[in-house]
Amino acid sequence: MTSPFILTIFGASGDLAKIKIFPALYSMMAEKKLPKEFFIIGFARTEKTREAFQQEFKKNVIAHSPRAVNKSLLKRLVDRVHYFTGEYDNAPDYEKFTRFIDEKLSTLPRHSARGPFQYIFYFSVPPTVFRPIIQHLGESRFHQKNKNLRLVIEKPFGEDAASALELFHFVARYFTDEQIFLLDHYLGKPAV
């Protein structure tokens, strides 16, 4: 991936993020598959500081990485890691989150970005909170001004064919087919 990006992991305090996503990001860093400029933001309901989240991130990479961990490389990755405390169903938190992202981008020199930032939102949350996250992202000022946005939603996507179709139509109110990626919770884990 060469385009700069901001990856937001909804449910960053959960097991999926800790066991699979954090080590996968380290592997990508080790394989030089990450661009020069990127941020990783953990978005979760649990109140914690950035430093506490960074320590948790580091600890889980070391514990769950399938490869030997280079501490210097891990530090460079962890320096890009941020944390935002918010409720998935609270619209004002998404406005605060939009400002939070703007603040991160304002720290970059204007000439440094190589192309537009991609905004990737990874749903590492139970399906019960898909709808509020989708709705609040779709209605946020952030989404309205940015088309370089992608959703990565882990299945199960609905409980049956009818509920999956209903959820798909709900997502389509806010996002195009090109912005939505469905990932199988089990088959996708090694790929992530």
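Caption draft 1: Summary view of the pairing of strand β2 (residues 38–44). The element β2 is largely enclosed, with a buried count of 7 among its 7 residues. Along β2, one buried face is formed by Phe38, Ile40, Gly42 and Ala44 and the opposite face, lined by Phe39, Ile41 and Phe43, is buried too. Relative to β2, strand β1 (residues 5–10) runs parallel, the two being bridged by 6 bridges. Across the sheet, residue Phe5 finds its bridge partner in β2, namely Phe38. Tracing the backbone out of β1, into helix α1 (residues 15–30) and back to the parallel element β2 gives a crossover that is right-handed.

Caption draft 2: Here's a closer look at the packing of aromatic side chains. In this structure the tally under the stated criterion is 19 aromatic pairs. Ring geometry for Phe10 and Phe123: centres 5.7 Å apart, planes at 55°, overall tilted. Here the residue Phe10 occupies a position in strand β1, and Phe123 occupies one in strand β4 (residues 118–123), the gap between them amounting to 113 residues. Among the aromatic residues, ring-to-ring pairing joins Phe10, Phe43, Phe84, Tyr88, Tyr94, Phe97, Phe100, Phe121, Phe123 and Phe130 into one connected group. Geometry around Phe100 places Lys104 over its ring, the cationic atom sitting 4.6 Å from the centre. Over the ring of Phe170 we find Arg131, and its NZ or CZ is 4.7 Å from the ring centre.

Caption draft 3: Quick peek at the side chain of Glu154. Mapped onto the elements, Glu154 comes out in strand β5 (residues 149–154). Its relative accessible area of 5% is what places Glu154 among the buried residues. Side-chain polar atoms of Glu154 contact the side chain of Tyr122, separated by 2.5 Å.

Scoring rules and cut-offs
Residues numbered from 1 in each chain as written. Predicted model: local features only at pLDDT ≥ 70, side-chain atom pairs only at ≥ 80, totals over all residues. Heavy atoms only, no water. Buried < 20%, exposed > 50% of the residue type's maximum accessible area, 1.4 Å probe, protein only. Helix = DSSP H or I, 4+ residues; strand = E, 2+ residues; numbered from the N terminus. Pairing = 2+ DSSP bridges. Right-handed = clockwise from strand over helix to strand, strands pointing away. Phe/Tyr/Trp six-rings, centres within 6.5 Å; stacked < 30°, edge-to-face > 60°. Lys NZ or Arg CZ within 6 Å of the ring centre and 35° of its normal. Polar contact = N/O pair within 3.5 Å; in protein donor to acceptor, adjacent residues only side chain to side chain.

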